Amino acid sequence: MRRGKLRIYLGSAPGVGKTYAMLSEAHRRIERGTDCVVGFVEHHHRPRTEVMLHGLEMIPRREIAYRDSTFTEMDVEALLARGPAVALVDELAHTNVPGSRNAKRWQDVEELLRAGIDVVTTVNIQHLESLGDVVEAITGVRQRETVPDEVVRRADQIELVDMSPQALRRRMAHGNIYKPDRVDAALSNYFRPGNLTALRELALLWVADRVDEYLQEYRGEHDIRSTWQARERIVVGLTGGPEGRTLIRRAARLAEKGAGGEVLAVYIAASDGLSSASPKELAVQRTLVEDLGGTFHHVIGDDVAHALLEFARGVNATQIVLGVSRRRPWQYVFGRGVSATVAVESGPDLDVHMVTHDAAARGRRSLPVARGARLGRSRLIWGWLTGVVGPALLTLLLHEVVPELGLANDMLLFLTFTVAAALLGGLLPALASAAFGSLLLNYFFTPPLYRLTISDPRNIVAISIFVGVAVSVASVVDLAARRTHQAARLRAESEILSFLAGSVLRGENSLEALLERLRETFSMQSVTLLERADEVAPWTAAACVGNHPVSRPEDADVDMPIGENMALALSGRVLPAEDRRVLGAFAAQAAVVLDRQRLVDEAGRARELAEGNRIRTALLAAVSHDLRTPLAGIKASVTSLRSDDVEWSEDDKAELLEGIEEGADRLAALIGNLLDMSRLNTGVVVPLIRETDLDEVVPMALGGVPDDSVELDIPETLPMVAVDRGLLERVVANIVENAVKYSPHGQPVHVSASSLRDRVELRVVDRGPGVPDEAKDRIFEPFQRHGDAPRGAGVGLGLAVARGFTEAIGGTLTAEDTPGGGLTMVLTLPPAADTPSPTPELPASAVT
């Protein structure tokens, strides 16, 4: 069975007309004879949208009971049984009611597509999963209902339903989107012009990227190599030299001249990995291009010009920016260079910009290579011995023992020692062996003997060939040794840089760990990261590891500046110049980690200040209303009792006095919670942990609730718990009072305790309205009232104080759903250390 096709109407915000456009398409398809039905469409009581439903076949919705309410969802089974050609399914990101066939509506749509049914659906840009954080930063609202980006990207067609922010706000003001009582709030919050403009930009950019993907797929399928200048894409060719920054800035200015311009910086590295640019300079250029809104790419290719052109054509680039060659004039005899080759072979579709810079025509600088350490001391000694002593001993042997061996054989034997010297000691011992051997051959074995002259021209050719072969072999061996050493060093550097890159991706913020890794890498005695406020201020140590750290860069064996007011100081030994490139990468990473640590600290302090401000604001609101209400009641009752104008009966006086007493009790409870919350926020709660029996504490905590409102089940066999008795009593009292407050009349709260392995649990079970999963943690925050609790019900501190005291005594307090409806508070307490834990038994309430 073929898979159905998915068409999505994408909008930037509610009300832009996605559902209306989908219904209009349905009418057009029906007019063409297509079997089209409505699987689920929500018109939100918008008259024009509701009218568009007339004349369309609608599949009846499925009714689902959940938490004493009935909800309607799309009936996937009925839709599959009906088997239409096209189904309309609104709100792709919708979360289905528990008990539905699938958890998400996009999963319902996937079933329809697998059944061969084409689906037309709608979704807003803020519901895409990858944009959740961006949308929250713009609007301040976290979208709970999201759809994976891949689901939307797999759509066969995506159509943007666009509307300007001004037009959308006019629709809102005319009542075409929300009901009149919600218009003002929507216009002043979510539907602000700035929010709508940002969301519209997100939608346009997302669709533009998707269109670009379609274009790349089409070009790949049809093998189109020419450039289609749909938008300006500027490729910057980097060599790792200092001119790269100039090229990147020039490309950024070119991109700004056209709408939607992109900058792609690319560095072409040789496939053997033996020649590369400075990692530090490439890191700086990568940061620069990313700061300017571009992207950095690392490409492998032996032919730099060909690889650069292939990359540019592959990304559908329109322009290439290159620097003028750093070759010296005489070097052009070996070829025209990369810049000239790219300019000649770019063709008519690619514009090539040649940018002058300070390093032009000044020559290239290759990576330094440590020549002395590439073979080792012992090999060098053996190479010199073989190259110098070996020919002398061979001469003595040939002259005294086998003098008639022949000149050709003599040369081959001398060449053997030259090759051996090259294999052991490299170039210099081999050259010395070739020169010394040629002199010995000429003096002892070439006529006229014992003279440094040669009479036979053929002998001159033979000795010349001998010297040439010796020098060639020595050069090859020396080159191989240098390449091996260079490859080993670059491999070590790549491993170090890979570690640094991995630490960035993993978000590691330990500056000391990074400096310790640096100390171990270079075998240093100490490493110190120094900084100062300005150029005249003294240096201070931001972090240091090792013994005897230095306090100034001047006192260090090696110092690496990081900007103007920061430096990395190392003591222990002097590093060679070739190691400073990796040291520069470590220094840059250390500065980034230090900045990240400080940003994290500042964010933490900002969160603390924001939380403190929020609590103070809520406290003022609570004092201004919840405390004034009982005070006003007490004041009115006292004024009435003192009035001489009215003769009060005994019943009236008793009622007024009862009102005064209730108001005073409410004030005492509110002030007690406020003081407790203040103690928790300031961290002055110091629990006195002692062994305590729950059956002694829990009954004492129920004094503030009616006698018939709680059912108590505390077994006498429970182990003792290690808690603060006073704090535990306050915790239980607050939990039970909250449960009684929300329990229906005639439904008592059930309080039971049990021992489970290494903990003791106290469960407070009510049959009230319950709390949704997403609000279970929020009810423990200060000044929170769930649902429609009246303002007089308290300031919302009871559960916050209960959790704070619970954590202070080493326990936990969580909320769970009660089977059959309601909320269960689970208080977990640690048992006393010397109390044996009985065999775990589940209480009747847990089994139920």
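These notes cover the structure that comes with them. All values derive from a computational prediction rather than experimental measurement.

Rules used in this analysis
Starting afresh in each chain, residues are numbered from 1 along the sequence in its written order. Residue-level local features of this predicted model are given only where pLDDT is at least 70; pairs of side-chain atoms are given and counted only at 80 or more, and the full residue set underlies all totals for whole chains, interfaces and linings. Note that water and hydrogens are dropped before the side-chain values are worked out from all heavy atoms of the structure. For helices the rule is a DSSP run of H or I covering at least 4 residues; for strands it is a run of E covering at least 2, with both sets numbered from the N terminus onward. Burial status follows relative accessibility: with a 1.4 Å probe on protein chains alone, a residue under 20% of its type maximum counts as buried, one over 50% as exposed, and anything between as partly exposed. Any two residues whose heavy atoms approach within 4.5 Å at even a single point are treated as in contact. All accessibility values rest on the Shrake-Rupley procedure with a 1.4 Å probe; residue burial counts only the protein chains present in the view. Geometry of aromatic contacts follows a simple scheme: Phe, Tyr and Trp rings, the Trp one being its six-membered ring, pair when their centres are within 6.5 Å, and the pair is stacked under 30 degrees between planes, edge-to-face over 60, tilted otherwise. Geometrically, a charge over a ring is one whose NZ (Lys) or CZ (Arg) sits within 6 Å of the ring centre while staying within 35 degrees of the ring normal. Each patch is built from residues that are more than 30% exposed by relative accessible area and take part in no salt bridge. Like charges join if they lie within 9 Å; nonpolar side chains (Val, Leu, Ile, Met, Phe, Trp, Tyr) join within 5 Å. Every case where a carboxyl oxygen of Asp or Glu lies within 4 Å of a side-chain nitrogen of Lys or Arg is listed as a salt bridge. Positive residues here are Lys and Arg, negative ones are Asp and Glu, while His and the chain termini are left out of the count. Charged side chains are reduced to one point each, which is NZ for Lys, CZ for Arg, CG for Asp and CD for Glu. Residues belong to one nonpolar core when they are buried, are Ala, Val, Leu, Ile, Met, Phe, Trp, Tyr or Cys, and are joined through side-chain atoms within 4.5 Å. A pair of strands is considered paired only if DSSP assigns at least 2 bridges between the two. Here an angle of 0 to 180 degrees is reported between the N-to-C directions of two axes, which are lines fitted to C-alpha atoms, with helices fitted over the stretch in contact. We call two directions roughly parallel when the angle between them is under 35 degrees, roughly antiparallel when it is over 145, roughly perpendicular when it lies between 65 and 115, and oblique otherwise. For any helix crossing, the convention is left-handed if the near helix is rotated counterclockwise from the far helix by under a right angle, and right-handed if that rotation is clockwise. Charged means Asp, Glu, Lys or Arg here, nonpolar means Ala, Val, Leu, Ile, Met, Phe, Trp, Tyr, Cys or Pro, and polar covers whatever is left, Gly included.

Some points on the overall build of the protein
Item 1. For the protein, the count of helices and strands is 24 helices and 24 strands.
Item 2. Counting the 848 residues in the protein, one finds 43% classified as buried.
Item 3. Relative to all contacts within the protein whose residues are 6 or more apart in sequence, the contacts with residues 24 or more apart total 70%.
Item 4. When the accessible surface of the protein is totalled, it reaches about 44800 Å², and 55% of it is carbon and sulfur.

A look at the packing of aromatic side chains
Item 1. Overall, the coordinates contain one aromatic pair when judged by the stated rule.
Item 2. Where tyrosine 443 meets phenylalanine 444, the ring centres are 5.0 Å apart and the plane angle is 75°; that geometry is what we call edge-to-face.
Item 3. Taking the relative accessible area as the measure of exposure, tyrosine 443 reaches 32% and is therefore partly exposed.
Item 4. A cation over an aromatic ring shows up here: arginine 61 above the ring of phenylalanine 40, its NZ or CZ 4.0 Å from the ring centre.
Item 5. Geometry around phenylalanine 40 places arginine 105 over its ring, the cationic atom sitting 3.8 Å from the centre.

Topic: a negative patch on the surface
Item 1. A cluster of like negative charges, contributed by Glu650, Asp651, Asp652, Glu655, Glu658, Glu661, Glu662 and Asp665, occupies part of the molecular surface.
Item 2. Note on placement: glutamate 661 falls in helix α20 (residues 650-682).
Item 3. Take glutamate 661: its relative accessible area is 53%, and that puts it in the exposed class.

Quick notes on a positive patch on the surface
Item 1. A contiguous patch of positive charge on the surface is contributed by Arg249, Arg250, Arg253 and Lys257.
Item 2. Mapping arginine 253 onto the fold places it in helix α10 (residues 244-256).
Item 3. With relative accessibility at 42%, the residue arginine 253 sits in the partly exposed group.

A word on a nonpolar patch on the surface
Item 1. Together, Ile381, Trp382, Trp384, Leu385, Val388, Val389, Leu393, Leu424, Leu428, Leu431 and Val471 line one region of the surface with nonpolar side chains, adding up to about 960 Å² of accessible area.
Item 2. Breaking the nonpolar patch down by element, the ones donating at least two residues are α14 (377-400) and α16 (427-445).
Item 3. Looking at which element gives the most residues to the nonpolar patch, the answer is α14, with seven residues.
Item 4. Relative to the helices and strands, valine 388 is located in helix α14.

Description of the nonpolar core
Item 1. Grouped together as the largest cluster of nonpolar side chains are 63 residues, with contacts concentrated most on Leu88, Val147, Phe191 and Trp206.
Item 2. The biggest single contributor to this core is helix α9 (residues 193-221), with six residues.
Item 3. Among residues more than four places away in sequence, those in contact with phenylalanine 191 are Pro14, Leu168, Arg169, Met172, Tyr178, Ala186 and Leu196.
Item 4. Core analysis: the second largest hydrophobic core is formed by 40 residues, Val697, Val705, Val731 and Val736 among them.

Digging into the sheet that holds strand β1 (residues 6-11)
Item 1. Ordered in space as β3-β2-β6-β7-β1-β8, the six strands form an open sheet in which the pairing is parallel. Because the sheet does not close on itself, it has two edges, and the strands there are β3 (57-58) and β8 (157-161).
Item 2. Sheet topology note: the strand β6 (residues 86-89)/strand β7 (residues 118-124) ladder contains four bridges and is parallel. For leucine 88, the partnering residue across the bridge sits in β7 and is valine 120.
Item 3. Each of β1, β2 (36-40), β6 and β7 is contacted by helix α4 (residues 105-114), which is oriented at about 180° to β6, the strand it contacts most.

Some words on the pairing of strand β4 (residues 62-66)
Item 1. Relative to strand β5 (residues 69-73), β4 is paired through five bridges, and the arrangement is antiparallel. Across the sheet, the residue bridging to tyrosine 66 is serine 69, located in β5.
Item 2. Between β4 and β5, which pair antiparallel one after the other, the connecting turn spans two residues, and arginine 67 there sits at a positive phi close to 55°.

Re the packing of α14 against helix α15 (residues 407-425)
Item 1. As a packed pair, α14 and α15 sit with axes 7 Å apart at the nearest point and diverge in direction by 170°. One way to sum up the angle between α14 and α15 is to call them roughly antiparallel. Here α14 and α15 pass one another in a crossing that is right-handed. Here Arg379, Leu380, Trp382, Gly383, Thr386, Gly387, Gly390, Pro391, Leu394, Thr395 and Leu398 of α14 come into contact with α15, specifically with Asp410, Leu413, Phe414, Phe417, Ala420, Ala421, Leu423, Leu424 and Gly425.
Item 2. Per-class residue counts for the contact of α14 with α15 are twelve nonpolar, six polar and two charged.

Considering the pattern of salt bridges
Item 1. In the structure shown here, the tally under the stated rule is 24 salt bridges.
Item 2. Across the salt bridge formed by arginine 61 and glutamate 42, the nearest N and O atoms sit 3.6 Å from each other. Linking arginine 61 in the loop between β3 and β4 with glutamate 42 in the loop between β2 and α2 (47-52), this pair joins segments that are 19 residues apart in sequence.
Item 3. Glutamate 42 gets classed as partly exposed once you look at its relative accessible area, which sits at 23%.
Item 4. The salt bridge partner of arginine 552 is aspartate 555, with a shortest N-O separation of 3.0 Å.
Item 5. Overlapping salt bridges, with partners in common, bring together Arg7, Glu25, Arg29 and Glu159 in one network.

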